[in-house]
Amino acid sequence: MGLLDILLGRTKPVAPDLDQLFALPSAAVTLEAATGFTPTGRGAVCFATVEGAAFEQTHREVRALLDADADRTGPPVELGQDGYGYSWLVSRRAPDELSLLVNDLHAVNSSMEVNGFGPQLLCSLAGFRDEAGRTLALVYLYKRGTFYPLCTLSGRHKRDNALELQVAAALGSDLRIEPDKSRWFPLWDAPGMTP
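Just so it is clear, the structure is predicted and the values come from calculations on it, not from any experiment. (Residues numbered from 1 in each chain as written. Predicted model: local features only at pLDDT ≥ 70, side-chain atom pairs only at ≥ 80, totals over all residues. Heavy atoms only, no water.)

Colleague: Provide a residue-level description of the overall build of the protein chain, including the pertinent values.
Modeller: Each helix and strand counted, the protein chain has 5 helices and 6 strands in total. Mapped from its N terminus to its C terminus, the protein chain presents α and β elements in the order α-α-β-α-β-β-α-β-β-β-α. Every one of the 195 residues in the protein chain was classed for burial, and the buried ones make up 44%. For the protein chain, the accessible surface area stands at approximately 9,700 Å², while carbon and sulfur atoms represent 56% of it. (Helix = DSSP H or I, 4+ residues; strand = E, 2+ residues; numbered from the N terminus. Buried < 20%, exposed > 50% of the residue type's maximum accessible area, 1.4 Å probe, protein only. Areas by Shrake-Rupley, 256 points an atom, 1.4 Å probe, with all protein chains shown as cover.)

Colleague: Lay out the packing of helix α2 (residues 24–35) against helix α5 (residues 161–170) in plain terms, naming residues and giving numbers.
Modeller: Viewed as axis vectors pointing N to C, α2 and α5 meet at an angle of 130°, and their least axial separation amounts to 10 Å. In this view, α2 runs oblique relative to α5, as classed from their interaxial angle. Considering how the two elements wind past one another, α2 and α5 form a crossing that is right-handed. Across from T30, L31, A34 and T35 in α2, the residues of α5 making contact are Q166, V167 and A170. For the contact of α2 with α5, a count of residues per class yields 4 nonpolar, 3 polar and no charged. (Axes fitted to C-alpha atoms, helices over the stretch in contact; angles between N-to-C directions. Parallel < 35°, antiparallel > 145°, perpendicular 65-115°, else oblique. Left-handed = near helix turned anticlockwise from the far one by under 90°. Contact = heavy atoms within 4.5 Å. Nonpolar A, V, L, I, M, F, W, Y, C, P; charged D, E, K, R; others polar.)

Colleague: Can you explain unusual backbone geometry? Please cite residues and give values.
Modeller: Backbone geometry places L187, a non-glycine residue, at a positive phi of 50°. If you trace the backbone, L187 turns up in the segment after α5. Unusually for a residue other than glycine, D189 sits at a positive phi of about 60°. For D189, a relative accessible area of 52% translates into the label exposed.

Colleague: How would you sum up the packing of aromatic side chains? Please name residues and give values.
Modeller: Geometry of an aromatic ring pair is reported as the spacing of the ring centres plus the angle between the planes. Counting across every chain of the model gives 2 aromatic pairs. With a centroid separation of 5.1 Å and an interplanar angle of 55°, the aromatic rings of Y140 and F147 are classed as tilted. Across this residue pair, the class does not change: Y140 and F147 are buried. Measuring from centroid to centroid gives 6.1 Å for Y148 and W184, while their planes differ by 15°, and the two rings are stacked. Placement of the pair is Y148 in strand β6 (residues 146–152) and W184 in the segment after α5, with a sequence separation of 36 residues. A single burial state applies to Y148 and to W184, both of which are buried. (Phe/Tyr/Trp six-rings, centres within 6.5 Å; stacked < 30°, edge-to-face > 60°.)

Colleague: Provide a residue-level description of helix α4 (residues 98–114), including the pertinent values.
Modeller: Between its first and last C-alpha atoms α4 spans 24 Å; for 17 residues at 1.5 Å apiece the expected length is 24 Å, and the two agree. Within the sequence span of α4, burial applies to L98, L101, V102, D104, L105, H106, A107, V108, N109, S110 and M112. Directly beyond the C-terminal end of α4, a positive phi value near 85° is found at G116. (Expected span 1.5 Å × (residues − 1).)

Colleague: Just give me the short version of the pattern of salt bridges, but keep the residues and values in it.
Modeller: One pass over the full model with this rule turns up 7 salt bridges. For E78, the salt bridge identified is with R92, shortest N-O distance 2.9 Å. Here R92 lies in strand β3 (residues 86–92) and E78 lies in strand β2 (residues 78–81), a separation of 14 residues in the sequence. Under the relative-accessibility criterion, R92 is labelled partly exposed at 25%. The salt bridge partner of R144 is E178, with a shortest N-O separation of 2.8 Å. Of this pair, R144 sits in the loop between β5 (135–141) and β6 while E178 sits in the segment after α5, and the two are 34 residues apart along the sequence. (Salt bridge = Lys/Arg side-chain N within 4 Å of Asp/Glu carboxyl O.)

Colleague: Tell me about the side chain of S87, and please be specific about residues and values.
Modeller: Checked against the element boundaries, S87 lands in strand β3. The class for S87 is buried, based on a relative accessible area of 4%. If we skip the residues at most four places from it in the chain, S87 touches V45, C46, F47, T49, L79, G80 and Q81.

Colleague: Residues and numbers for the pairing of β2, please.
Modeller: The pairing of β2 with β3 spans 4 bridges and is antiparallel. Opposite G80, over in β3, you have W88 as the bridge partner. Between β2 and the antiparallel strand that follows it, β3, lie 4 residues; G85 among them carries a positive phi value of about 90°. (Pairing = 2+ DSSP bridges.)

What follows is the structure in structure tokens.
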């Protein structure tokens, strides 16, 4: 960072740290003890879709890698798009296989990064649910290297901000929580949040 950057208030972007994803299983233990939320076994990686043969080849390789897992229970990895045109690769595991789900999320992110598509990666999430039926996602922001909780209320496009703040406080020592709350994007109808 140069003097001109300092004078103009520019900051250096944070480098992605995919190894932060491996903190999710221990954070899940803290989350369950503090709030009663448990893993759903679903997670997803969101990325901007790019046209081209190289991108399609990367998609095929990632899906083949994850679908080849002989220990996978349930349906294979799914690829879909949301209403905003972003692509989601959704992985399903048993609720007690959060470590395997994290490995899936890490493998997708790493494969895309290695193949030159890191700039298209937006976020990854792991879904959780409590006994009252509330849903929660711990969202990893790829370009920030941080997490934030996303708690949705029953009904369309409503959030439980108080619960999000409670979860963020509970997980502050387990995960690198995004300090800028304006970056806690709602991700309405995100695949991977519900079982």
